[in-house]
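Residue-level structural notes
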Amino acid sequence: PIAQAIISYAKKKHIEVEPIYHVKNYSGKGIEAQKRGELFFAGSLKFAEENGIEIPKELKMEPETLLVVLVHNREIIGAVHLKE
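Residues numbered from 1 in each chain as written. Predicted model: local features only at pLDDT ≥ 70, side-chain atom pairs only at ≥ 80, totals over all residues. Heavy atoms only, no water.

**Quick word on the sheet that holds strand β4 (residues 66–72)**
With antiparallel pairing, the five strands of this open sheet are ordered in space as β1-β2-β3-β4-β5. The open sheet has two edge strands with one neighbour each: β1 (21–26) and β5 (75–82). Here the strands of the sheet are splayed against their neighbours by 15° on average, with no regard to which way each runs. The pairing of β4 with β5 spans seven bridges and is antiparallel. Residue pairing for β5: V69 is matched across the bridge by A79. (Pairing = 2+ DSSP bridges. Helix = DSSP H or I, 4+ residues; strand = E, 2+ residues; numbered from the N terminus. Axes fitted to C-alpha atoms, helices over the stretch in contact; angles between N-to-C directions.)

Right under this line is the structure:
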């Protein structure tokens, strides 16, 4: 549901969504996939930390939101705070 909400929002904002391949779902944590032959993953901060990703302090500032991070080459390249 979270991925679909992000894709829907991107489409409304006319942001191009490229296809991804070889998707692995980690239930309750996030996903891993390939785009243009490169590995990416998106998921919770906990999922990122479990994969050895360093989390910048500014991303931990809003505890009342769910934070989804996008990681490429072991670096966070994007983040979305989700709120009900």
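**Section: the pattern of salt bridges**
Pairs may arise between side chains of opposite charge once their charged atoms sit close together. This model, assessed by the stated rule, comprises four salt bridges. Residues E50 and K29 are paired through a salt bridge, measuring 3.0 Å at the closest nitrogen-oxygen approach. Placement of the pair is E50 in helix α2 (residues 45–50) and K29 in the loop between β1 and β2 (30–35), with a sequence separation of 21 residues. For E50, a relative accessible area of 44% translates into the label partly exposed. Each member of the salt-bridge network shares a partner with another, and the members are E18, K35 and R36. (Salt bridge = Lys/Arg side-chain N within 4 Å of Asp/Glu carboxyl O. Buried < 20%, exposed > 50% of the residue type's maximum accessible area, 1.4 Å probe, protein only.)

**Quick word on the packing of aromatic side chains**
The tally for this structure, following the rule as stated, stands at two aromatic pairs. With a centroid separation of 5.3 Å and an interplanar angle of 40°, the aromatic rings of Y26 and F47 are classed as tilted. With Y26 in strand β1 and F47 in helix α2, the pair connects residues that are 21 residues apart, well separated along the chain. Residue class for F47 comes out buried when judged on its relative accessible area of 6%. Judged by centre distance (5.0 Å) and plane angle (70°), the ring pair of F41 and F47 falls under edge-to-face. One exposure class covers both F41 and F47, and it is buried. (Phe/Tyr/Trp six-rings, centres within 6.5 Å; stacked < 30°, edge-to-face > 60°.)

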